[in-house]
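Understanding the architecture of this molecule
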Amino acid sequence: MATTNNVCPAPMKATSNGSWQGDNPLDYALPLVIVQICLVVAFTRTLAFLLRPLRQPRVIAEIIGGILLGPSALGRSHKFLETVFPKRSLTVLETLANIGLLFFLFLVGLELDLNSIKRTGKKALAIALAGITLPFALGIVAWAVLRSTVSQGVAQVPFLVFMGVALSITAFPVLARILAELKLLTTDVGRMAMSAAAVNDVAAWILLALAVALSGNDTSPLVSLYVLGAGIAFVLLAAFAIRPLLVWMVRRSPEGEPVKEMYVCAILALVLAAGFVTDAIGIHALFGAFIVGIIMPKEGPFTGILIEKIEDLVSSLFLPLYFVSSGLKTDVATIRGAESWGILCLVIFLACAGKFGGTVLVSMAFKIPALEALALGLLMNTKGLVELIVLNIGKDRKVLNDQTFAILVLMALFTTFMTTPLVLAIYKPARRVTAYKHRTVERANGVDTELRILACFHSSRNIPTMINLIESSRGTRRRGITVYAMHLMELSERPSAISMVHKARLNGLPFWNKKRDDRDHIVVAFEAYQQLSSVSIRPMTAISHFSTIHEDVCTSAQQKRASLILLPFHKHQRLDGALDSLGHDFCQINQRVLRYAPCSVAILVNRGLGGATQVSASDVSFSAVVLFFGGRDDREALAYGVRIAEHPGIGLTVVRFLPPGGEDGKVLMTSCWNADHRVTVHPDKSSVKDDDQTRTATSTSATSAGGKSEKEMDEENITYFKTKIKPANPSISYEEKVVGTKEEVTEVIRGVNKCNLFLVGRRAPMASLDPKTDCPELGPVGCLLASPDFFTTASALVIQQYEPAAHQPISLELEEVDEVQDIPDTPAHTHAGESSSAAAAAFR
């Protein structure tokens, strides 16, 4: 009688001899895992790009990608599965995925601030508890249904705990990104949801530890108690023995000095060692890494440096492997028949009902408005990585069978996917803004009116020039100037983005926490300037995706009643004087702000105005030139120039360009001037287009609200400037130049380029000097000044005046109220020092 022996496949060798030697690289571990990583990353990133219009977090794309690569879709092809994901390779794949997950959980622990959880208010704490207890109770209902149908024969107590944990989890990192995507981070709903989710996250890990302790092979309750006791002992050891060592390392890594490589290596080895200890205890290696992250001191630069060194490699390459390993275990085809699909619908209903019902009931009990309570209930339904970790541990421990695992994975996917569209549908918070009239620098009653500037920046590179420009803009008016310094930060999919979210939720829209220990050096620069000057500074931070961060800028300008938004040009100056681009995203931000701004906008082309350091008021000494062609933008530039000329250390030259007269002049005008005061810009795909993407300049035949044409208003302003402003200020000079060609315009500008600052209007009424420009946000004259062919050391400020008739509001719900009260977080006004000499009259 013949016997059949089941022979185990031989272990895979690490590397091949190459295809020329007859080896198939996919039969060897290293080349195969390289192919797997590349396939997974490309596939999940493509899905993330396709889901971007639906405003879904990347975790959704990674979960769907894992399922599609598994036996539910592409994996149904036996040839594909055996070629790319053969069974003998899964051990290597899952090992790499779990190492990546180990370090990712360490990063999650680093981002979780226990001090903020301690400060959680009663409302958020009650909402968090309700969002845990009711779903856990409904998990018992799901357990009762599943154990009698698709989960017969599994260990009942561990299965009950796993079901309760699976239904009660809220994914804190995923929720933070959804709130940022919906611009809800700093609303009452956002702050409440974040606080409740942080508490929920900690509770979920405690419950998961309990579930893992109960799910061992030995069903004796005594063994479970041993596991729990050993786990508690490890936490105490970490808190009282390991943490002092970490504090010592942090103290020996001060700000401004490089972190020693030995310290980084010690931390990474400690994470792995802690994972080994908790795995030996019988909980899971992930808990050890998470605990090390929790006890890590959060103050100082050490934590940020650790995150920078780890996060990109882990979250970009290794973490997607975990979703794929989960997808390879998920076979949707196991959900067969009406009974199984009915159970799936029941589990989804119970998961949603528990979170939604518990959150809404407690919220209404605390008298939270109905729409906010409904939004909170939907937001708390968010699942994510922790949910998959729970399900995978349950699958590995034989607590969840294939069908139950697939049902719960689809439940997590559905509840997270529906969060964003449903919140968008039912909750559109009206942001209260104050109606105000001073939306431009040019104003009729500018003597005693305050100038409010929203100064935006991406890094510390432009800070000295911006501060020097602000110092020059103080003027001698009694009300002075108030500056809102907004740091624009991108909210990425990196774990470190959550630390920015922590800062955002502590104050307004979103503001830095004044009580923080890790003082931001950029904010410190502005606060130091405020102490040395009489300018009111309010540091702020906008945290959003670059595609929507212009909404934060425009909304903040509206709420702060700003007259001018100051933006940095997307190119910075190198040591050799050339301008390097920071990226197309920064260019797009400026173009969108120009389109939607509720006030005037100025773009600063920085070539080191005042030098590389902040200049004190007594040391300000430079010259500025206003290039005046006509139109509302040039009038705004002239008004700003008059204001900075009030500073005793600044000289101002106004150069007015006039077209030649006569019949010959009319012919010459067509080569340089637009007779209708309309800018001719040659847009490319990334340019700002007329009517669709930007406001066009008003023609000379068009009339203003007062019935005057643009040309008449230009003449009135120039006349007033020559008769009233210039005689009162000896530091101001005025010139008129008749030009008929582009070359003549360029020659005149080159003749005055020894100044320190050019002030120009964005939509000057002349043909483009550079038809091939990639910077339509600067306009024709600004493009010339920023061109590499125009050699100058002067900075340029390109200004666009607010135009009410053409203003496009951003797509946010804004509730405008009467101008009867000040913005709550506006600092107390510290007026500019009044000069004993007569101040120049305000330019009108």
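Residues numbered from 1 in each chain as written. Predicted model: local features only at pLDDT ≥ 70, side-chain atom pairs only at ≥ 80, totals over all residues. Heavy atoms only, no water.

What counts, and what does not: UniProt positions are given in the numbering used here, feature names are shortened, and annotations may be inferred rather than shown by experiment.
Going by what an unreviewed UniProt entry lists, the protein chain is known as Cation/H+ exchanger domain-containing protein and is assigned to Aristolochia fimbriata. Per UniProt, the protein chain has the following entry under Sequence similarities (unreviewed entry): "Belongs to the monovalent cation:proton antiporter 2 (CPA2) transporter (TC 2.A.37) family. CHX (TC 2.A.37.4) subfamily."

Looking at the sheet that holds strand E12 (residues 757-761)
Note the threshold: Any two strands are treated as partners once DSSP identifies two or more bridges connecting them. Counting from the N terminus, the helices are DSSP H or I runs at least four residues long and the strands are E runs at least two residues long. Angles shown run from 0 to 180 degrees and are taken between the N-to-C directions of axes, each axis being a line fitted to C-alpha atoms and, for helices, limited to the stretch in contact. Only heavy atoms matter for contacts: two residues are in contact if any of them lie within 4.5 Å across the pair.
Here we have ten strands laid out as an open sheet, ordered E4-E3-E2-E5-E8-E13-E12-E9-E10-E11, and mixed in their pairing. Each edge of the open sheet carries a strand with a single partner, namely strand E4 (536-544) and strand E11 (732-738). Along the sheet, successive strands turn relative to each other by an average axial angle of 20°, direction set aside. Relative to strand E8 (residues 600-605), strand E5 (residues 564-568) runs parallel, the two sharing five bridges. Opposite Leu 564, over in E8, you have Ser 600 as the bridge partner. Here helix H21 (residues 549-559) sits on the sheet and contacts strand E2 (451-457), strand E3 (481-490), E4 and E5; the angle it forms with E3, its principal contact strand, is near 165°.

A few points about the packing of aromatic side chains
The cut-off we apply is this: Paired rings are identified among Phe, Tyr and Trp, the last through its six-membered ring, by centres lying within 6.5 Å, and are further divided according to the angle between planes into stacked (under 30 degrees), edge-to-face (over 60) and tilted (the rest). With a 1.4 Å probe rolled over the protein chains alone, any residue whose accessible area is under 20% of its type maximum counts as buried; one over 50% counts as exposed, and the rest are partly exposed.
Here the structure, examined in full by the defined rule, presents seven aromatic pairs. Between the aromatic rings of Phe 721 and Tyr 734, the centroid separation amounts to 6.0 Å while the plane-to-plane angle is 55°, which identifies the pairing as tilted. Separated by 13 residues along the polypeptide, Phe 721 in helix H25 (residues 710-728) and Tyr 734 in strand E11 bring together distant segments of the chain. Residue classification places Phe 721 among the buried positions, given a relative accessible area of 0%.

Brief notes about the nonpolar core
Put simply, the rule is: The nonpolar core is taken to be a set of buried Ala, Val, Leu, Ile, Met, Phe, Trp, Tyr and Cys residues, with the residues joined through side-chain atoms within 4.5 Å.
Grouped together as the largest cluster of nonpolar side chains are 150 residues, with contacts concentrated most on Phe 106, Leu 208, Leu 385 and Ile 389. With 17 residues, the top contributor of residues to this core is helix H9 (residues 188-214). Excluding its chain neighbours within four sequence positions, the residues that come into contact with Leu 208 are Phe 162, Val 165, Phe 287, Ile 389, Val 390 and Ile 393. By size, the runner-up hydrophobic cluster in this structure holds 51 residues, among which are Leu 454, Ala 597, Val 601 and Val 655.

Some details on the packing of helix H1 (residues 29-51) against helix H13 (residues 302-329)
Packed helices, taken two at a time, are described by the angle between their axes plus the distance between the axes. Rules: Roughly parallel refers to an angle under 35 degrees, roughly antiparallel to one over 145, roughly perpendicular to one between 65 and 115, and oblique to any angle outside these ranges. Charged means Asp, Glu, Lys or Arg here, nonpolar means Ala, Val, Leu, Ile, Met, Phe, Trp, Tyr, Cys or Pro, and polar covers whatever is left, Gly included.
Remark: H1 packs on H13, axes separated minimally by 9 Å, with the N-to-C direction vectors making an angle of 85°. By the angle between their directions, the pair H1 and H13 is classed as roughly perpendicular. Contact with H1, carried on its side by Ile 37, Val 40, Val 41, Thr 44 and Arg 45, involves Ser 316, Leu 317, Pro 320, Leu 321 and Val 324 of H13 and no other residues of that element. Broken down by class, the residue content of the contact of H1 with H13 amounts to seven nonpolar, two polar and one charged.

Things to note about the pairing of strand E9 (residues 622-628)
Selection rule: Here the term right-handed applies to a crossover when the path leading from its first strand over the helix to its second strand runs clockwise, the strands being oriented away from the viewer.
Counting buried residues along E9, six of its seven residues qualify, which places the element largely inside the surrounding structure. Direction of pairing for E9 relative to strand E10 (residues 650-658): parallel, over a ladder of seven bridges. Opposite Phe 628, over in E10, you have Arg 656 as the bridge partner. For the crossover that starts at E9, traverses helix H23 (residues 632-644) and ends in the parallel E10, the hand is right-handed. Examined bridge by bridge, E9 and E12 share four bridges and lie parallel to one another. Counted as the bridge partner of Ala 624 is Leu 757 from E12.

With respect to the pairing of E2
With seven of seven residues buried, E2 is to be regarded as a mostly interior element. In E2, alternate side chains face the same way, and those of Leu 451, Ile 453, Ala 455 and Phe 457 on one face and Arg 452, Leu 454 and Cys 456 on the other are all buried. Judged from the seven bridges that link them, E2 and E3 form a sheet pairing that is parallel. Of the residues in E3, the one forming a bridge with Leu 454 is Tyr 484. Of the pairings in the sheet, the one linking E2 to E5 comprises three bridges and is parallel in character. Looking at E5, one finds that Leu 454 is bridged to Ile 565.

Details of the pattern of salt bridges
To keep things clear, this is the line we draw: Every case where a carboxyl oxygen of Asp or Glu lies within 4 Å of a side-chain nitrogen of Lys or Arg is listed as a salt bridge.
Here the structure, examined in full by the defined rule, presents 14 salt bridges. The residue Glu 736 makes a salt bridge to Lys 722 at a minimum N-O spacing of 3.7 Å. You can see Glu 736 sitting in strand E11 and its partner Lys 722 sitting in helix H25, a full 14 residues away along the chain. For Lys 722, a relative accessible area of 35% gives the class partly exposed. Each of Glu 442, Arg 632, Arg 635, Glu 710 and Asp 714 takes part in salt bridges that share partners, so that together they form one network.

Notes on H13
Note the threshold: Every helix has an expected span of 1.5 Å times one less than the residues it contains. Here the bend at each residue means the angle between axes fitted to two seven-residue stretches, the one ending at that residue and the one beginning there.
Under the 1.5 Å per step criterion, the end-to-end length of H13 is 38 Å for 28 residues, consistent within 8% with the ideal 40 Å. Within H13, the axis deviates most sharply at Ser 315, by approximately 45°. Burial of H13 is extensive: 20 of the 28 residues sit out of reach of the surface.

Things to note about the state of the cysteines
Threshold: A pair of sulfur atoms, both from cysteines and within 2.5 Å, is called a disulfide here.
Evaluated as defined, the whole model comprises zero disulfides. Between Cys 587, a free cysteine, and Cys 775, which holds the nearest cysteine sulfur, the sulfur-to-sulfur gap is 6.0 Å. By relative accessible area, Cys 587 is classed as buried at 3%. Free of any disulfide, Cys 599 has its nearest neighbouring cysteine sulfur in Cys 554, separated by 8.0 Å.

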